[in-house]
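# Residue-level structural notes
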Amino acid sequence: MTKPLRHIETKLIHAGEPEPLIMGAVSMPIFQSSTFEYAGQKSYHDLKYIRLNNTPNHVALHQKLAALENAEAAIVTASGMAAITTTLLALLGPGDHFLAQECLYGGTHDFLTKDFATLGISFDFIDGDDQDSWKIKLRSNTKAVYVETITNPLMQVADLKSLIEFTKTHDLISIIDNTFASPINFRPSEWGFDLSLHSCTKYLNGHSDIVAGAVIGRADLVEKILHKLNHLGASLDPHACFLLHRGIKTLAVRIKYQNKSALEIAKYLENHPAIKMVNHPGLESNPGHQRARDLFDGYGGMLSFELKDGVNAAERIIKNITLPISAPSLGGVESLITRPATTSHSGMSSKERQSLGISDSLVRLSVGIEATEDIIEDFDQALKG
Ligand SMILES: *Cc1c(COP(=O)(O)O)cnc(C)c1O
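Treat the numbers as computed from the prediction; the structure is a model and nothing was measured.

### Structural notes on the overall build of the protein
A count of helices and strands for the protein gives 14 helices and 12 strands. Relative to its length of 385 residues, the protein is compact, with a C-alpha radius of gyration of 21 Å against a globular reference of 21 Å. The buried share of the protein, reckoned over its 385 residues, is 56%. Within the protein, counting contacts between residues at least 6 apart in sequence, those at least 24 apart form 72% of the total. Working note: accessible area of the protein is about 16,400 Å², and carbon and sulfur atoms make up 53% of it. Separation of charge centres in the protein, based on 36 positive and 44 negative side chains, amounts to 2 Å.

### Some remarks on helix α2 (residues 56–68)
The first and last C-alpha atoms of α2 sit 18 Å apart over 13 residues, in line with the 18 Å expected at 1.5 Å per residue. The complete set of buried residues in α2 reads Asn57, His58, Ala60, Leu61, His62, Lys64, Leu65, Ala66 and Leu68. Among the structural elements, α1 (8–14), β1 (73–77), α7 (182–185), β7 (213–217) and α9 (238–248) are those in contact with the buried residues of α2. Directly after α2, the chain includes Asn70, whose backbone phi takes a positive value near 50°.

### Let's talk about the pattern of salt bridges
Going through the model one piece at a time under the given rule, you end up with 15 salt bridges. Between Arg218 and Asp220 there is a salt bridge whose closest N-O contact spans 2.8 Å.

### What about unusual backbone geometry?
With an omega dihedral of -5°, the bond running from Glu19 to Pro20 counts as a cis peptide bond. You will see that Asp171, though not glycine, has its phi angle at about 55°, which is positive. Within the secondary structure, Asp171 is located in the loop between α6 (160–169) and β5 (173–177). With phi around 75°, Ser329 is a residue other than glycine that occupies positive phi space. Structurally, Ser329 can be placed in the loop between β10 (325–326) and β11 (336–338).

### Remarks on the environment of Val147
Summarising the element assignment, Val147 is placed in strand β4 (residues 142–148). Overall, the relative accessible area of 0% leaves Val147 in the buried class. Filtering out sequence-adjacent residues up to four positions away, Val147 remains in contact with Gln101, Leu160, Leu163, Ile175, Ile176, Asp177 and Phe193.

### What to know about the packing of aromatic side chains
Aromatic ring pairs: the centre-centre distance and the angle between the two ring planes describe each pair. Considering all chains together, one arrives at nine aromatic pairs under this definition. Where Phe123 meets Phe125, the ring centres are 5.3 Å apart and the plane angle is 75°; that geometry is what we call edge-to-face. Taking relative accessible area as the criterion, Phe123 reaches 22% and is therefore assigned partly exposed. When the ring of Trp134 is compared with that of Phe166, the centres are 5.6 Å apart and the planes differ by 65°; the resulting orientation is edge-to-face. Linking Trp134 in helix α5 (residues 131–137) with Phe166 in helix α6, this pair joins segments that are 32 residues apart in sequence. Across the pair, Phe166 and Trp134 agree in class, each one buried. Through pairs of rings, three or more aromatic residues link up here, namely Phe98, Phe111, Phe116, Phe123, Phe125 and Tyr146.

### Quick look at the domain arrangement of the protein
Structurally, the protein comprises domain 1 (8–248) and domain 2 (252–384). Taking only C-alpha atoms into account, the centre of domain 1 sits 26 Å from that of domain 2. Counting from both sides, the interface comprises 35 residues of domain 1 and, opposite them, 41 residues of domain 2. Summed over both partners, the interface of domain 1 with domain 2 comes to about 3,100 Å²; 60% of that surface belongs to carbon and sulfur atoms. Considering only the surface of domain 1 that becomes buried against domain 2, Met155, Asn185 and Tyr203 emerge as the three largest contributors, covering 24% of it. Applying the counting rule to domain 1 against domain 2 returns three salt bridges. The interface formed by domain 1 and domain 2 includes 15 residue pairs in polar contact (both at pLDDT 80 or more). Only α1, α4 (106–119), α6, α7 and α9 provide two or more residues apiece to the side of domain 1 that touches domain 2. For the side of domain 1 that touches domain 2, the element with the highest residue contribution is α7, accounting for three residues. Partitioning the side of domain 1 that touches domain 2 into residue classes produces 16 nonpolar, 12 polar and seven charged.

### Considering the pairing of strand β6 (residues 195–199)
With five of five residues buried, β6 lies mostly within the body of the structure. Alternating residues of β6 divide into Leu195, Leu197 and Ser199 and Ser196 and His198, and every residue in both groups is buried.

### Regarding the site of the ligand
Taken together, 13 residues are adjacent to the ligand, and Met81, Asp177, Ser199, Thr201 and Lys202 come closest. Thr201 has a polar side-chain atom sitting 2.6 Å from an oxygen atom of the ligand. When isolated, the ligand has an accessible area of 380 Å², and the protein chains bury 92% of it. Looking at the shell around the ligand element by element, the count peaks at three residues for helix α3 (residues 80–91).

Rules of the game
- Residues numbered from 1 in each chain as written.
- Predicted model: local features only at pLDDT ≥ 70, side-chain atom pairs only at ≥ 80, totals over all residues.
- Heavy atoms only, no water.
- Helix = DSSP H or I, 4+ residues; strand = E, 2+ residues; numbered from the N terminus.
- Rg over C-alpha atoms; globule rule 2.2 N^0.38 Å.
- Buried < 20%, exposed > 50% of the residue type's maximum accessible area, 1.4 Å probe, protein only.
- Contact = heavy atoms within 4.5 Å.
- Areas by Shrake-Rupley, 256 points an atom, 1.4 Å probe, with all protein chains shown as cover.
- Lys, Arg positive; Asp, Glu negative; His and termini not counted.
- Charge placed at Lys NZ, Arg CZ, Asp CG, Glu CD.
- Expected span 1.5 Å × (residues − 1).
- Salt bridge = Lys/Arg side-chain N within 4 Å of Asp/Glu carboxyl O.
- Phe/Tyr/Trp six-rings, centres within 6.5 Å; stacked < 30°, edge-to-face > 60°.
- Domains from an automatic or database assignment.
- Buried area = accessible area lost by both parts, 1.4 Å probe.
- Polar contact = N/O pair within 3.5 Å; in protein donor to acceptor, adjacent residues only side chain to side chain.
- Nonpolar A, V, L, I, M, F, W, Y, C, P; charged D, E, K, R; others polar.
- Near = heavy atom within 4 Å.

Here it is in C-alpha coordinates:
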(Lines give C-alpha, C1' and ligand atoms only; values in the text may rest on other atoms or scores of the structure.)
Protein backbone atom coordinates (compact mmCIF):
# COMPACT_ATOMS: atom_id res chain seq x y z
CA MET A 1 0.00 0.00 0.00
CA THR A 2 1.31 3.46 -0.79
CA LYS A 3 0.69 6.16 1.79
CA PRO A 4 -1.91 8.81 0.96
CA LEU A 5 0.36 11.89 0.90
CA ARG A 6 -2.08 14.33 -0.65
CA HIS A 7 -2.22 17.15 1.89
CA ILE A 8 0.71 19.26 2.99
CA GLU A 9 0.03 18.57 6.70
CA THR A 10 0.56 14.84 6.03
CA LYS A 11 3.61 15.42 3.83
CA LEU A 12 5.28 17.38 6.62
CA ILE A 13 5.21 14.27 8.79
CA HIS A 14 5.56 11.41 6.29
CA ALA A 15 7.10 12.55 2.98
CA GLY A 16 10.75 11.63 2.47
CA GLU A 17 10.94 9.47 5.60
CA PRO A 18 13.10 6.36 5.21
CA GLU A 19 11.27 3.16 4.31
CA PRO A 20 11.62 0.86 6.10
CA LEU A 21 12.30 2.95 9.22
CA ILE A 22 15.99 2.78 10.19
CA MET A 23 16.20 0.17 12.98
CA GLY A 24 12.52 1.02 13.55
CA ALA A 25 13.38 4.54 14.71
CA VAL A 26 10.29 6.75 14.54
CA SER A 27 12.45 9.90 14.39
CA MET A 28 15.15 10.20 11.76
CA PRO A 29 18.48 9.38 13.49
CA ILE A 30 21.48 11.69 13.04
CA PHE A 31 24.15 10.27 10.73
CA GLN A 32 27.18 11.92 12.28
CA SER A 33 29.67 10.33 9.90
CA SER A 34 31.69 12.51 7.54
CA THR A 35 32.31 9.67 5.08
CA PHE A 36 30.64 6.41 4.11
CA GLU A 37 31.93 3.08 2.74
CA TYR A 38 32.66 3.21 -1.03
CA ALA A 39 29.90 1.46 -2.97
CA GLY A 40 31.20 1.63 -6.55
CA GLN A 41 29.99 5.21 -7.30
CA LYS A 42 31.12 6.45 -10.73
CA SER A 43 30.68 10.22 -10.20
CA TYR A 44 32.40 12.50 -7.67
CA HIS A 45 29.03 13.99 -6.71
CA ASP A 46 27.69 10.53 -5.77
CA LEU A 47 30.41 9.72 -3.22
CA LYS A 48 28.85 9.69 0.23
CA TYR A 49 30.38 12.56 2.17
CA ILE A 50 28.83 15.29 4.31
CA ARG A 51 30.06 18.17 2.12
CA LEU A 52 28.36 16.54 -0.87
CA ASN A 53 25.05 17.00 0.99
CA ASN A 54 24.02 13.36 0.59
CA THR A 55 23.91 11.63 3.98
CA PRO A 56 20.57 9.99 4.87
CA ASN A 57 19.72 13.17 6.85
CA HIS A 58 20.12 15.28 3.70
CA VAL A 59 18.29 12.86 1.42
CA ALA A 60 15.23 12.73 3.68
CA LEU A 61 15.05 16.54 3.88
CA HIS A 62 15.51 16.95 0.13
CA GLN A 63 12.59 14.64 -0.58
CA LYS A 64 10.39 16.21 2.07
CA LEU A 65 11.03 19.79 0.89
CA ALA A 66 10.38 18.91 -2.77
CA ALA A 67 7.11 17.22 -1.78
CA LEU A 68 6.00 20.24 0.29
CA GLU A 69 6.14 22.62 -2.66
CA ASN A 70 5.05 20.03 -5.26
CA ALA A 71 8.39 20.55 -6.97
CA GLU A 72 10.72 18.16 -8.80
CA ALA A 73 13.72 18.45 -6.48
CA ALA A 74 15.21 20.23 -3.46
CA ILE A 75 18.48 20.64 -1.58
CA VAL A 76 19.35 22.06 1.81
CA THR A 77 22.24 24.48 2.33
CA ALA A 78 24.27 25.87 5.23
CA SER A 79 22.17 29.08 5.41
CA GLY A 80 19.60 31.06 3.48
CA MET A 81 22.39 33.22 2.07
CA ALA A 82 24.22 30.04 0.95
CA ALA A 83 21.07 29.04 -0.97
CA ILE A 84 20.84 32.49 -2.59
CA THR A 85 24.52 33.02 -3.44
CA THR A 86 25.09 29.45 -4.64
CA THR A 87 22.00 29.63 -6.87
CA LEU A 88 23.09 32.90 -8.45
CA LEU A 89 26.70 31.73 -8.89
CA ALA A 90 25.50 28.50 -10.51
CA LEU A 91 23.18 30.24 -12.97
CA LEU A 92 25.03 33.46 -13.81
CA GLY A 93 28.52 34.12 -15.14
CA PRO A 94 30.65 36.92 -16.58
CA GLY A 95 28.71 38.84 -19.26
CA ASP A 96 25.29 37.86 -17.94
CA HIS A 97 22.60 40.32 -16.92
CA PHE A 98 20.08 39.85 -14.13
CA LEU A 99 16.85 41.53 -13.00
CA ALA A 100 15.90 41.76 -9.33
CA GLN A 101 13.05 43.31 -7.38
CA GLU A 102 14.20 46.60 -5.87
CA CYS A 103 13.22 45.87 -2.26
CA LEU A 104 15.30 42.81 -1.31
CA TYR A 105 16.49 41.06 1.84
CA GLY A 106 19.55 43.02 3.04
CA GLY A 107 22.08 40.22 2.45
CA THR A 108 20.81 39.64 -1.09
CA HIS A 109 20.83 43.38 -1.83
CA ASP A 110 24.43 43.59 -0.58
CA PHE A 111 25.54 40.58 -2.65
CA LEU A 112 24.22 42.17 -5.86
CA THR A 113 25.44 45.68 -5.18
CA LYS A 114 28.85 44.78 -3.67
CA ASP A 115 29.93 41.50 -5.33
CA PHE A 116 28.33 41.24 -8.79
CA ALA A 117 30.63 43.81 -10.43
CA THR A 118 33.80 41.82 -9.57
CA LEU A 119 32.09 38.70 -10.94
CA GLY A 120 31.38 40.45 -14.24
CA ILE A 121 27.60 40.14 -13.79
CA SER A 122 25.41 43.18 -14.41
CA PHE A 123 21.95 43.73 -12.97
CA ASP A 124 19.03 46.14 -12.85
CA PHE A 125 16.38 46.58 -10.20
CA ILE A 126 12.74 46.34 -11.27
CA ASP A 127 9.53 47.60 -9.73
CA GLY A 128 7.50 44.47 -8.94
CA ASP A 129 4.25 46.38 -9.48
CA ASP A 130 4.98 47.93 -12.84
CA GLN A 131 5.03 45.21 -15.49
CA ASP A 132 5.37 47.73 -18.34
CA SER A 133 8.77 48.77 -16.99
CA TRP A 134 10.22 45.23 -16.98
CA LYS A 135 10.60 45.01 -20.75
CA ILE A 136 12.55 48.27 -20.86
CA LYS A 137 15.16 46.74 -18.51
CA LEU A 138 15.45 43.53 -20.54
CA ARG A 139 18.70 42.94 -22.46
CA SER A 140 19.76 40.25 -24.90
CA ASN A 141 22.02 38.78 -22.17
CA THR A 142 19.39 38.80 -19.38
CA LYS A 143 19.30 35.32 -17.83
CA ALA A 144 17.08 35.39 -14.77
CA VAL A 145 14.58 37.39 -12.70
CA TYR A 146 14.56 37.42 -8.89
CA VAL A 147 11.72 38.42 -6.56
CA GLU A 148 10.50 37.83 -3.00
CA THR A 149 7.01 36.50 -2.21
CA ILE A 150 6.36 39.12 0.49
CA THR A 151 8.88 41.95 0.71
CA ASN A 152 10.64 42.96 3.89
CA PRO A 153 9.78 45.16 5.78
CA LEU A 154 6.77 46.63 3.92
CA MET A 155 5.05 43.25 3.26
CA GLN A 156 4.35 44.07 -0.39
CA VAL A 157 3.25 41.43 -2.87
CA ALA A 158 4.56 41.97 -6.42
CA ASP A 159 2.56 41.22 -9.55
CA LEU A 160 3.79 37.61 -9.44
CA LYS A 161 1.40 36.23 -12.07
CA SER A 162 2.50 38.77 -14.68
CA LEU A 163 6.09 38.17 -13.68
CA ILE A 164 5.85 34.44 -14.39
CA GLU A 165 4.31 35.20 -17.81
CA PHE A 166 7.10 37.70 -18.51
CA THR A 167 9.83 35.16 -17.68
CA LYS A 168 8.18 32.48 -19.83
CA THR A 169 7.76 34.83 -22.80
CA HIS A 170 11.41 35.90 -22.67
CA ASP A 171 12.90 32.53 -21.71
CA LEU A 172 14.29 33.72 -18.36
CA ILE A 173 14.83 31.65 -15.21
CA SER A 174 12.39 32.76 -12.51
CA ILE A 175 13.64 32.71 -8.91
CA ILE A 176 11.63 33.61 -5.83
CA ASP A 177 12.70 33.93 -2.20
CA ASN A 178 9.72 32.26 -0.51
CA THR A 179 10.98 32.58 3.08
CA PHE A 180 8.23 34.92 4.34
CA ALA A 181 5.34 32.83 2.97
CA SER A 182 6.65 29.32 3.74
CA PRO A 183 5.36 26.34 1.72
CA ILE A 184 2.12 26.41 3.74
CA ASN A 185 1.04 29.79 2.35
CA PHE A 186 2.62 29.71 -1.12
CA ARG A 187 4.12 27.01 -3.34
CA PRO A 188 5.99 28.73 -6.22
CA SER A 189 6.34 25.62 -8.44
CA GLU A 190 2.55 25.32 -8.66
CA TRP A 191 2.46 28.79 -10.27
CA GLY A 192 5.33 28.17 -12.69
CA PHE A 193 8.37 29.52 -10.87
CA ASP A 194 11.58 27.65 -11.73
CA LEU A 195 13.22 28.00 -8.31
CA SER A 196 12.06 28.78 -4.79
CA LEU A 197 14.64 29.71 -2.15
CA HIS A 198 14.27 29.66 1.62
CA SER A 199 16.06 30.78 4.69
CA CYS A 200 15.07 27.68 6.72
CA THR A 201 16.46 29.61 9.69
CA LYS A 202 13.04 31.25 9.78
CA TYR A 203 9.66 29.50 9.45
CA LEU A 204 10.75 26.08 8.18
CA ASN A 205 12.83 25.40 11.29
CA GLY A 206 10.72 27.73 13.39
CA HIS A 207 12.64 27.58 16.66
CA SER A 208 15.39 30.20 16.24
CA ASP A 209 18.13 27.66 16.99
CA ILE A 210 19.92 26.98 13.65
CA VAL A 211 20.80 28.66 10.35
CA ALA A 212 19.91 26.70 7.21
CA GLY A 213 18.66 27.26 3.69
CA ALA A 214 16.94 25.44 0.83
CA VAL A 215 16.67 25.53 -2.96
CA ILE A 216 13.49 23.92 -4.34
CA GLY A 217 12.37 23.60 -7.95
CA ARG A 218 13.24 22.27 -11.41
CA ALA A 219 15.42 19.13 -11.16
CA ASP A 220 17.92 20.19 -13.85
CA LEU A 221 18.56 23.53 -12.13
CA VAL A 222 18.69 22.05 -8.62
CA GLU A 223 21.32 19.53 -9.77
CA LYS A 224 23.42 22.31 -11.27
CA ILE A 225 23.16 24.29 -8.03
CA LEU A 226 24.04 21.20 -5.96
CA HIS A 227 27.23 20.72 -7.97
CA LYS A 228 28.17 24.37 -7.35
CA LEU A 229 27.35 23.88 -3.66
CA ASN A 230 29.64 20.84 -3.54
CA HIS A 231 32.47 23.03 -4.83
CA LEU A 232 31.76 25.99 -2.57
CA GLY A 233 31.28 23.72 0.44
CA ALA A 234 28.15 25.33 1.94
CA SER A 235 26.56 22.02 2.97
CA LEU A 236 24.31 21.64 6.01
CA ASP A 237 25.71 19.79 9.01
CA PRO A 238 23.77 16.56 9.86
CA HIS A 239 22.96 17.79 13.34
CA ALA A 240 21.43 20.95 11.87
CA CYS A 241 19.61 18.67 9.37
CA PHE A 242 18.12 16.80 12.32
CA LEU A 243 16.91 20.00 14.01
CA LEU A 244 15.47 21.34 10.74
CA HIS A 245 13.73 18.01 10.09
CA ARG A 246 12.20 18.12 13.58
CA GLY A 247 11.14 21.75 13.20
CA ILE A 248 9.50 21.20 9.80
CA LYS A 249 7.06 18.63 11.19
CA THR A 250 5.12 21.33 13.07
CA LEU A 251 5.20 23.87 10.22
CA ALA A 252 1.48 23.65 9.38
CA VAL A 253 0.22 24.05 12.94
CA ARG A 254 2.62 26.93 13.56
CA ILE A 255 1.91 28.81 10.32
CA LYS A 256 -1.87 28.47 10.51
CA TYR A 257 -1.78 29.84 14.04
CA GLN A 258 0.62 32.63 13.07
CA ASN A 259 -1.51 33.58 10.03
CA LYS A 260 -4.54 34.02 12.27
CA SER A 261 -2.74 35.73 15.12
CA ALA A 262 -0.85 38.21 12.89
CA LEU A 263 -4.05 39.25 11.11
CA GLU A 264 -5.81 39.86 14.44
CA ILE A 265 -2.86 41.89 15.76
CA ALA A 266 -2.64 43.83 12.47
CA LYS A 267 -6.35 44.73 12.74
CA TYR A 268 -5.96 45.76 16.36
CA LEU A 269 -3.00 48.00 15.52
CA GLU A 270 -4.76 49.49 12.49
CA ASN A 271 -7.54 50.71 14.80
CA HIS A 272 -5.23 52.09 17.50
CA PRO A 273 -5.10 55.91 17.68
CA ALA A 274 -1.28 55.99 18.15
CA ILE A 275 -0.65 54.04 14.92
CA LYS A 276 -0.27 55.78 11.56
CA MET A 277 -0.42 52.74 9.30
CA VAL A 278 -0.01 48.94 9.31
CA ASN A 279 1.54 46.76 6.57
CA HIS A 280 0.19 43.21 6.35
CA PRO A 281 -1.04 41.48 3.17
CA GLY A 282 -4.16 40.25 4.96
CA LEU A 283 -5.45 43.79 5.57
CA GLU A 284 -7.87 45.13 2.98
CA SER A 285 -6.00 48.44 3.17
CA ASN A 286 -2.86 46.70 1.83
CA PRO A 287 -2.22 47.40 -1.89
CA GLY A 288 -1.12 43.77 -2.39
CA HIS A 289 -4.19 42.32 -0.68
CA GLN A 290 -6.03 41.18 -3.82
CA ARG A 291 -2.90 39.50 -5.22
CA ALA A 292 -2.26 37.80 -1.89
CA ARG A 293 -5.86 36.54 -1.87
CA ASP A 294 -5.43 35.05 -5.34
CA LEU A 295 -2.06 33.42 -4.73
CA PHE A 296 -1.70 32.54 -1.05
CA ASP A 297 -3.36 30.12 1.34
CA GLY A 298 -2.58 32.50 4.23
CA TYR A 299 -1.10 35.94 4.72
CA GLY A 300 1.81 35.05 6.99
CA GLY A 301 3.00 36.01 10.44
CA MET A 302 4.89 39.21 9.57
CA LEU A 303 3.64 42.78 9.91
CA SER A 304 5.09 46.25 10.22
CA PHE A 305 3.65 49.56 11.35
CA GLU A 306 4.41 53.24 11.73
CA LEU A 307 3.65 55.34 14.77
CA LYS A 308 2.17 58.82 14.52
CA ASP A 309 4.85 60.17 16.88
CA GLY A 310 7.85 59.00 14.84
CA VAL A 311 11.19 57.45 15.83
CA ASN A 312 11.00 58.24 19.55
CA ALA A 313 7.60 56.61 19.85
CA ALA A 314 8.92 53.59 17.92
CA GLU A 315 11.86 53.28 20.32
CA ARG A 316 9.54 53.67 23.28
CA ILE A 317 7.25 50.85 22.23
CA ILE A 318 10.18 48.47 21.67
CA LYS A 319 11.44 49.37 25.15
CA ASN A 320 8.02 49.08 26.81
CA ILE A 321 6.79 45.89 25.25
CA THR A 322 7.47 42.82 27.40
CA LEU A 323 6.64 39.66 25.40
CA PRO A 324 8.13 40.28 21.91
CA ILE A 325 11.90 40.18 22.18
CA SER A 326 13.84 42.99 20.52
CA ALA A 327 15.94 41.02 18.01
CA PRO A 328 16.45 40.72 14.26
CA SER A 329 15.35 37.56 12.38
CA LEU A 330 11.83 36.12 12.28
CA GLY A 331 9.68 33.06 11.90
CA GLY A 332 10.23 31.49 15.31
CA VAL A 333 7.77 30.41 18.00
CA GLU A 334 8.55 33.58 19.99
CA SER A 335 7.45 37.03 18.81
CA LEU A 336 10.32 39.32 17.76
CA ILE A 337 10.19 43.09 17.33
CA THR A 338 12.71 45.35 15.55
CA ARG A 339 13.13 48.73 13.93
CA PRO A 340 14.44 47.82 10.44
CA ALA A 341 16.39 51.11 10.19
CA THR A 342 18.62 49.83 13.02
CA THR A 343 18.75 46.12 12.05
CA SER A 344 17.82 44.49 8.72
CA HIS A 345 18.10 47.72 6.71
CA SER A 346 20.89 49.49 8.62
CA GLY A 347 23.23 48.83 5.68
CA MET A 348 21.27 51.37 3.61
CA SER A 349 21.42 55.14 4.06
CA SER A 350 18.34 56.86 5.46
CA LYS A 351 17.83 58.32 1.95
CA GLU A 352 17.95 54.88 0.28
CA ARG A 353 15.43 53.58 2.82
CA GLN A 354 13.20 56.60 2.21
CA SER A 355 13.22 55.98 -1.54
CA LEU A 356 11.91 52.47 -0.89
CA GLY A 357 9.26 53.81 1.49
CA ILE A 358 10.95 52.48 4.67
CA SER A 359 10.64 55.21 7.28
CA ASP A 360 13.05 55.34 10.22
CA SER A 361 10.09 54.98 12.59
CA LEU A 362 8.86 51.74 11.00
CA VAL A 363 8.56 48.85 13.49
CA ARG A 364 8.48 45.22 12.33
CA LEU A 365 6.87 42.39 14.24
CA SER A 366 7.34 38.66 13.69
CA VAL A 367 4.34 37.09 15.38
CA GLY A 368 5.13 33.93 17.36
CA ILE A 369 2.75 31.36 18.78
CA GLU A 370 1.96 33.06 22.09
CA ALA A 371 -1.72 33.73 22.89
CA THR A 372 -2.92 36.53 20.60
CA GLU A 373 -4.76 38.23 23.49
CA ASP A 374 -1.55 38.40 25.54
CA ILE A 375 0.34 40.09 22.70
CA ILE A 376 -2.51 42.57 22.19
CA GLU A 377 -2.67 43.31 25.93
CA ASP A 378 1.10 43.88 25.85
CA PHE A 379 0.76 46.35 22.93
CA ASP A 380 -2.03 48.11 24.83
CA GLN A 381 0.22 48.87 27.78
CA ALA A 382 3.31 49.58 25.61
CA LEU A 383 1.42 52.10 23.45
CA LYS A 384 0.15 53.92 26.57
CA GLY A 385 3.56 54.09 28.27
C1 LIG B 1 16.92 35.67 6.75
C2 LIG B 1 16.62 35.77 5.32
C3 LIG B 1 17.57 35.39 4.35
C4 LIG B 1 18.96 34.92 4.73
O5 LIG B 1 18.93 33.73 5.43
P6 LIG B 1 20.07 33.22 6.46
O7 LIG B 1 19.56 31.89 6.87
O8 LIG B 1 20.15 34.23 7.56
O9 LIG B 1 21.35 33.15 5.69
C10 LIG B 1 17.21 35.48 3.02
N11 LIG B 1 15.99 35.92 2.63
C12 LIG B 1 15.07 36.32 3.54
C13 LIG B 1 13.76 36.80 3.04
C14 LIG B 1 15.34 36.25 4.89
O15 LIG B 1 14.42 36.65 5.77
